[in-house]
Structure formats: C-alpha cells, structure tokens
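# A structural walkthrough
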Amino acid sequence: MEIILLVIKTFLISQFVVKFEPFTWVIDIIRLKISPENIFMNLIINIVNMLITCSKCCSFWTGLMLGGIWVGLVASYISYLYGWLIEPKIEKYVNPI
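The following paragraphs examine the structure supplied in this document. (Residues numbered from 1 in each chain as written. Predicted model: local features only at pLDDT ≥ 70, side-chain atom pairs only at ≥ 80, totals over all residues. Heavy atoms only, no water.)

## A closer look at the side chain of serine 76
Along the polypeptide, serine 76 turns up in helix H5 (residues 69–94). On the basis of relative accessible area, serine 76 is assigned to the buried category, the value being 15%. Once you skip the residues sitting within four places of it in the chain, serine 76 turns out to touch Lys56, Ser59 and Phe60. (Helix = DSSP H or I, 4+ residues; strand = E, 2+ residues; numbered from the N terminus. Buried < 20%, exposed > 50% of the residue type's maximum accessible area, 1.4 Å probe, protein only. Contact = heavy atoms within 4.5 Å.)

In structure tokens, the structure reads:
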C-alpha cells in the first residue's frame, strides 16, 4: 500500500511540474542569457527543459529519486497511459474547438 501511495505521489508531483508554466519561463530566460557557443550550458539547459516538459521523463526521474527504479518505471508508465487515454478527453472539454 505504501508503494502505491508513493507512485501516486510521484505521478502527481510530475504532473504539477510539467503543467506549471513558470518553470519553462525561467528556462527560456536562462536560454536567452547563454551564448550559442557555450555547448555545455546549452546541453544542460536542454536536458532540464526536457525533464520539466515531458511527463513520462519527469515521472521516471521523480520516481527514481523518491522511491527507486521500480517506482520510477511504474510512475512513468502511468504517465504514459494518462497522456494516451485520459488527457485527450480532458483537453477536448477544456479547449473545445
């Protein structure tokens, strides 16, 4: 039961991080300040950007930090299923065309 709660918490934390737009604003501001010649910093910024915009990646790494490899894998798979099955239906009702 404790592991299930940890997976749910991991999923919720990762969804919050992905949907919280000020994180991407900060990344965009930092990206503007870095020169294109600084390959190492651009690589770091791109990795961080991927980790905070991809729900599966964010779920995996958050789960890995909080509970281990299995928590990360299960949370990432739940995030994949959520993005495939549930999120399109929510977006249809939130943003009708």
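Having put the structure on the table, let's press on.
## Quick notes on the environment of glycine 67
Relative to the helices and strands, glycine 67 is located in the loop between helix H4 (55–66) and H5. Put simply, glycine 67 and leucine 6 are 61 residues apart on the chain and 7.2 Å apart in space, counted from C-alpha to C-alpha.

## Let's talk about the packing of helix H1 (residues 2–19) against H4
The description of two helices packed together rests on the angle between their axes and the distance between the axes. Here H1 crosses H4 at 135°, and the two axes come no closer than 8 Å. Taken together, the axes of H1 and H4 are oblique relative to one another. Both H1 and H4 take part in a crossing whose hand is right-handed. Counting all contacts with H1, which are made through Leu6, Thr10, Phe11, Ile13, Ser14, Gln15, Val17 and Val18, the residues of H4 involved are Ser55, Cys58, Ser59, Thr62, Gly63 and Leu66. Looking at side-chain class alone, the contact of H1 with H4 contains 7 nonpolar, 7 polar and no charged residues. (Axes fitted to C-alpha atoms, helices over the stretch in contact; angles between N-to-C directions. Parallel < 35°, antiparallel > 145°, perpendicular 65-115°, else oblique. Left-handed = near helix turned anticlockwise from the far one by under 90°. Nonpolar A, V, L, I, M, F, W, Y, C, P; charged D, E, K, R; others polar.)

## Let's talk about the packing of helix H3 (residues 39–53) against H4
Here H3 crosses H4 at 95°, and the two axes come no closer than 5 Å. Here H3 is positioned roughly perpendicular relative to H4, judged by the angle of their axes. When H3 is examined against H4, the residues Met50, Leu51 and Thr53 are found in contact with a partner set consisting of Ser55, Cys57, Cys58 and Trp61. Within the contact of H3 with H4, the residues separate by chemical class into 5 nonpolar, 2 polar and no charged.

## Overview of H4
Between its first and last C-alpha atoms H4 spans 16 Å; for 12 residues at 1.5 Å apiece the expected length is 16 Å, and the two agree. Looking at the buried positions of H4, the neighbouring elements they touch are H1, H3 and H5. Following H4 by one or two positions, glycine 68 adopts a phi angle in the positive range, close to 115°. (Expected span 1.5 Å × (residues − 1).)

## Some details on the packing of aromatic side chains
Applying the stated criterion across every chain yields a total of 6 aromatic pairs. Aromatic side chains phenylalanine 60 and tryptophan 61 sit 5.2 Å apart centroid to centroid with 80° between the ring planes, which places their arrangement in the edge-to-face category. Relative accessible area serves as the criterion here: at 43%, tryptophan 61 is assigned to the partly exposed category. Here tyrosine 80 and tryptophan 84 contribute two aromatic rings whose centre-to-centre distance is 6.2 Å and whose plane-to-plane angle is 20°, an arrangement assigned as stacked. (Phe/Tyr/Trp six-rings, centres within 6.5 Å; stacked < 30°, edge-to-face > 60°.)

## Some thoughts on a nonpolar patch on the surface
Taken together, the side chains of Tyr77, Tyr80, Trp84, Leu85, Ile86, Ile90 and Val94 define a hydrophobic patch exposed on the protein surface, amounting to about 730 Å² of accessible area. Here isoleucine 86 is to be found in helix H5. (Patch = residues over 30% accessible without salt bridge, like charges linked within 9 Å, V, L, I, M, F, W, Y side chains within 5 Å. Areas by Shrake-Rupley, 256 points an atom, 1.4 Å probe, with all protein chains shown as cover. Salt bridge = Lys/Arg side-chain N within 4 Å of Asp/Glu carboxyl O.)

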